[in-house]
Structures are given as structure tokens and as C-alpha cells.
Amino acid sequence: MVSQYFGARKREDLSISIANSIVLTAISSVIIMVMATVVARPLLILLKTPESILDWCTSYLRILFLGISGLAFYNILSGILRGLGDSISALLYLIVSSVLNIILDLVFVIRFDMGVSGVALATVIAQAISAFLCLIRLTRTEEEYRVELRKIRFDGNMMRQIISNGLPAGVQNSIIALANVVVQSNINVFGMTAVAGCGAYSKIEGFGFLPITCFALSLTTFISQNLGAKEYERARKGARFGIFCSIITAELVGICIYIFIPTLIQAFDSNPAVVRFGTTQARTVTLFYFLLAFSHCLAGIFRGAGKSIVPMVVMLLCWCVIRITYITVAVKLVPVIRTVFWAYPLTWSLSSIIFLIYFLKAD
């Protein structure tokens with residue numbers, strides 16, 4: 001919404017969309033904070049979390065959920081900055097937040113011996129500060145879209161537009177997250193070392209995949225701004241270039257992780273069993289990163305074009321329904337953890353094929 005209004009130079013609509021995004025974020029973060037804090041422990045039990053770490057996980061999640069507004073506002077405000085073409089500020093604030101998170105981790109865990117709760121508290125504080133920095137940037141700019149907190153008001157028509165564009169992506173991400181709960185519960189069955197190994201790998205994957213995620217986010221902004229400005233040919237060329245760069249980057253990252261994964265896992269935990277589980281997962285999925293990148297980029301392009309229903313339907317079908325069905329059936333037939341890991345490249349392949357067909361046939 002922000003990108004399209006910015007590209008079309010509709011300044012009044014741009015300001016209203018920013019203000020209503022902030023209102024919606026405030027409401028939703030309060031709802032999530034209350035509900036998620038209550039269901040944290042039952043959800044962990046549903047996940048078959050080992051009893052020996054259940055209390056730690058519960059306290060960690062509850063602290064994160066109580067401070068969820070920091071994460072929510074950072075995501076929305078940095079998204080607004082990117083939509084306005086200011087991706088540098090969002091990056092700088094993220095760097096500040098990351099460095100602060102590390103420092104607070106060391107202080108709370110080593111100095112004050114707060115354990116897992118200290119790690120969660122450090123994350124919450126760092127996220128809140130990054131959100132505050134984004135807000136300061138938007139309130140102090142001299143541009144016409146400057147946010148004035150006293151002028152923020154509810155606009156029913158704009159709120160409906162924001163929800164109609166954002167709700168499909170929100171539903172998609174929520175249901176995919178629930179599907180990943182099923183995946184995680186199957187991993188948890190293999191014990192604490194499997195949980196630790198796969199957890200370490202997920203951190204490595206999250207860091208390594210950041211450049212690809214950035215391509216997808218930038219494509220949404222780029223497509224939105226150019227369609228708003230009626231620069232259709234430029235939008236097409238940018239889409240093709242973004243896809244190409246993303247899949248090449250993703251595969252290079254995947255190859256590097258594939259080669260160095262044992263050493264990377266040891267940075268988290270030197271237990272041989274933990275290293276073995278993390279290495280097994282990495283060497284099952286990393287060479288297929290180009291498929292994941294392709295799906296993310298196409299989803300970003302469709303959202304930028306206002307077709308957010310398309311990625312929602314495709315990803316719900318492939319990354320949720322088919323993934324859960326595969327795991328439910330396949331693990332019973334071949335009860336080894338690698339069977340669970342194969343759910344990812346298989347469903348990435350299916351979503352990439354469907355996205356490609358639609359991309360080639362769509363306007």
C-alpha cells in the first residue's frame with residue numbers, strides 16, 4: 001500500500017495508509033500478546049517438547065510474547081521505510097538491534113545468570129529499541145509523509161484496503177507456521193539432541209537466507225512503486241532481474257552451508273549427536289535453496305502487484321496441506337528423521353512449479 005501510493009505520488013493517501021498501519025499494528029500486537037502468553041505452554045506440550053526443557057521453553061516464549069509489540073512495530077515501521085525507498089535506515093536500525101541483542105545476552109546470561117529468560121529479555125529490549133528508532137525516523141523526516149502521532153486516526157476505507165492486502169499474507173504465514181509445528185513435533189520425537197541440532201541449523205539457515213529474504217522484500221516494493229507509477233515494462237525487467245539474482249545468491253549460500261555445516265553447528269553445540277542431526281538436515285535441504293528463493297521472489301512479486309491471494313493459496317496448498325500429508329504418511333513408512341527433512345525440498349519444488357506457470361500466464 002505504501003509503495004503503490006508513494007509511486008503514484010498520492011501523498012494524502014500515503015499518510016493515511018501509514019497511520020492506519022500503525023493503528024492496526026497496535027491492536028494486533030495487544031491481541032497476540034494476551035492470547036499467545038496464555039497458550040504458550042499448551043502449545044509446547046502439543047509440540048511434544050521434552051519435559052526436561054519444557055519450563056525453559058515456556059518462560060522464553062512468554063517473555064517474547066509479552067514484548068511482541070517491539071517486533072511487530074519494527075516489522076511494520078521498517079516495512080514502511082522500505083516502501084518509501086529508505087531501506088538503508090531499516091538496515092542500520094536492525095544492525096543496532098542485533099549488536100545490542102548480543103551485548104544484552106552476555107550481560108543477562110553471564111553477569112546476572114538469568115539463563116533462558118535473560119536471552120528472551122535481551123531479544124525483547126533490542127526489538128523495542130529498533131522499533132523506536134524507526135518511529136523516530138518517520139516522525140522527524142521533513143517529507144510530506146512524516147508521521148505525527150497526534151494526527152493518527154482510524155480510517156475505515158483505508159483499513160479495509162490494508163487488511164484486504166495484508167490478511168492473505170498473514171493467514172498464509174500463520175497456517176504455514178502451524179504446519180511447521182507438525183514438522184517440529186516429528187523432530188522432537190527423536191529427542192533433545194535432534195531438537196538442539198535442528199535448532200542450531202535453523203539459526204544458520206535464518207542468517208544465511210537473509211539476503212534472499214531481502215530480495216523478496218525489495219521486489220514487493222519495486223513492483224508496487226513501478227505499478228503505482230505505471231512503469232509496467234520497468235516492473236517486468238526488475239522482476240526478472242530480482243529472480244535471477246535471488247536464485248544465484250541462494251544456491252551459493254546453500255553450497256557454502258552444505259560444505260561448512262559441521263563446523264557451523266559446532267559453534268552452537270559440540271555434542272557429536274547434535275552436530276550429526278544438524279548436518280543431516282543441512283545436507284538434505286541446502287542444495288535446494290534456489291527453489292525456496294524462487295518461491296519467495298514470485299510471492300513478493302505477486303504481493304507487489306496486489307495479487308496477495310495467489311501466494312496465499314499456493315503456499316497453503318504446498319507448504320501446509322501437502323507438507324503435513326507427506327509427513328503424516330511418510331514418517332510411518334520410513335521412520336527416520338531424514339524423511340521429515342525431505343518435506344521441505346519436495347514442497348518447495350511444487351510451489352515453484354505452480355508459481356512459474358502462473359507467472360508465465362499472468363498479466
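Located above this text is the structure these notes cover.
Position numbers for residues start from 1 in each chain and track the written sequence from start to end. Local features in a predicted model are, by the rule used here, given only for residues with pLDDT of at least 70; side-chain atom pairs are given and counted only at 80 or more, and totals for whole chains, interfaces and linings are based on all residues. Water and hydrogen atoms were dropped before computing side-chain values, which therefore reflect all heavy atoms in the structure.

### Structural notes on the nonpolar core
For clarity, the cut-off: We define the nonpolar core as a collection of buried residues of types Ala, Val, Leu, Ile, Met, Phe, Trp, Tyr and Cys that are connected through side-chain atoms lying within 4.5 Å of one another. The classification of residues rests on relative accessible area computed with a 1.4 Å probe and restricted to protein chains. Under 20% of the type maximum is buried, over 50% is exposed, and intermediate values are partly exposed. Helix and strand assignments come from DSSP, with helices taken as H or I runs of at least 4 residues and strands as E runs of at least 2, each series counted from the N terminus. Contact definition: two residues touch when any of their heavy atoms are within 4.5 Å.
The biggest cluster of nonpolar side chains holds 49 residues, and the ones touching the most others in it are Ile 187, Tyr 201, Ile 257, Ile 265, Tyr 289, Trp 348 and Phe 355. Counting residues per element, this core draws most heavily on helix H12 (residues 289–304), at 10 residues. The residues contacting Phe 355, other than those within four sequence positions of it, are Ser 295, Leu 298, Ala 299, Phe 302, Val 310, Pro 311, Val 314 and Met 315. Counting 19 residues, the second largest nonpolar core, distinct from the first, contains Leu 14, Tyr 74, Ile 80 and Leu 81.

### Describing a nonpolar patch on the surface
Note the following rule: Surface patches are drawn from residues lacking salt bridges whose relative accessible area is over 30%; two like charges belong together within 9 Å, two nonpolar side chains (Val, Leu, Ile, Met, Phe, Trp, Tyr) within 5 Å. Here the accessible surface of atoms and residues is derived via Shrake-Rupley with a 1.4 Å probe, and residues count as covered only by protein chains that are part of the display. Each salt bridge in this description consists of a side-chain nitrogen of Lys or Arg and a carboxyl oxygen of Asp or Glu lying within 4 Å of one another.
Together, Ile 88, Leu 91, Leu 92, Ile 95, Val 99 and Ile 103 line one region of the surface with nonpolar side chains, adding up to about 540 Å² of accessible area. As for its placement among the helices and strands, Val 99 is situated in helix H5 (residues 87–111).

### Describing the packing of aromatic side chains
Note the following rule: Aromatic rings from Phe, Tyr and Trp, taking only the six-membered ring of Trp, are treated as a pair when their centres fall within 6.5 Å; an angle between ring planes under 30 degrees marks them as stacked, one over 60 as edge-to-face, and anything in between as tilted.
Enumeration over the complete set of coordinates arrives at six aromatic pairs. Where Phe 288 meets Trp 342, the ring centres are 5.7 Å apart and the plane angle is 65°; that geometry is what we call edge-to-face. Here Phe 288 is found in the loop between helix H11 (272–285) and H12, whereas its partner Trp 342 is found in the loop between helix H14 (337–341) and helix H15 (343–361), with 54 residues between them in sequence. Under the relative-accessibility criterion, Phe 288 is labelled partly exposed at 24%. Ring centres of Phe 302 and Tyr 358 lie 5.2 Å apart, and the angle between their planes is 90°; on these two criteria the pair is classed as edge-to-face.

### A closer look at unusual backbone geometry
Residues other than glycine seldom take positive phi values, yet Asp 113 does so here, at roughly 50°. Examined against the element boundaries, Asp 113 turns out to sit in the loop between H5 and helix H6 (115–140). Residue Asp 113 is classed as exposed on the basis of its relative accessible area, which comes to 65%. With a phi angle near 65°, Lys 230 is a residue other than glycine that sits in the positive phi range. Looking at the secondary structure, you find Lys 230 in the loop between helix H9 (210–228) and helix H10 (232–266).

### Points about the pattern of salt bridges
Tallied over the full model, the rule gives two salt bridges. Residue Asp 55 pairs with Arg 41 through a salt bridge whose shortest N-O separation is 3.0 Å. With a gap of 14 residues between them, Asp 55 in helix H3 (residues 51–66) and Arg 41 in helix H2 (residues 11–46) connect regions that are remote in the sequence. Taking the relative accessible area as the measure of exposure, Arg 41 reaches 27% and is therefore partly exposed. The residue Glu 233 makes a salt bridge to Arg 236 at a minimum N-O spacing of 3.2 Å. On the criterion of helical spacing, the pair formed by Glu 233 and Arg 236 is a turn pair, its members being three residues apart in helix H10.

### Some thoughts on the side chain of Ser 308
By secondary structure assignment, the location of Ser 308 is in the loop between H12 and helix H13 (309–333). Not counting chain neighbours up to four residues away, the residues in contact with Ser 308 comprise Ser 164, Asn 165, Pro 168, Phe 302 and Arg 303.

### Focus on helix H7 (residues 156–188)
Formally: Take the residue count of a helix, subtract one, and multiply by 1.5 Å to get its expected span. To obtain the bend at a residue, axes are fitted to the seven residues ending there and to the seven starting there, and the angle between these axes is taken.
Its 33 residues give H7 an end-to-end C-alpha distance of 45 Å, which sits within 8% of 48 Å, the value for a rise of 1.5 Å per residue. The sharpest bend along H7 comes to roughly 40°, located at Gly 166, with the proline Pro 168 sitting one to four residues further on.

### Regarding the environment of Asp 86
Residue placement: Asp 86 occurs in the loop between helix H4 (68–83) and H5. Ignoring sequence-local partners within four residues, the contact set of Asp 86 consists of Leu 81 and Arg 137.

### Let's talk about the environment of Gly 242
With respect to the helices and strands, the residue Gly 242 is situated in helix H10. Sequence spacing of Gly 242 and Arg 9 is 233 residues, and the spatial spacing of their C-alpha atoms is 24 Å. Aside from chain neighbours lying at most four places away, what touches Gly 242 is Phe 215, Leu 219 and Cys 297.

### With respect to the layout of surface pockets
For clarity, the threshold we go by: The pocket and cavity definitions rest on a 1 Å grid over protein atoms only: a 1.4 Å probe that fits but cannot leave marks a cavity, an open set with protein on both sides within 12 Å along at least five of seven lines marks a pocket, and residues lining either have an atom within 4 Å of a point. Grid points are joined across faces, edges and corners, and a volume is the space filled by probe spheres set on the points. Residue polarity is assigned by list, with Asp, Glu, Lys and Arg as charged and Ala, Val, Leu, Ile, Met, Phe, Trp, Tyr, Cys and Pro as nonpolar; anything else, Gly included, falls into the polar class.
The computed volume of the second largest pocket comes to approximately 460 Å³. Forming the boundary of the second largest pocket are 15 residues, of which Arg 236, Ile 301, Phe 359, Ala 362 and Asp 363 lie nearest the centre. Of all the secondary structure elements, the ones that give two or more residues to the lining of the second largest pocket are H9, H10, H12 and H15. Split by residue class, the lining of the second largest pocket holds 11 nonpolar, no polar and four charged.

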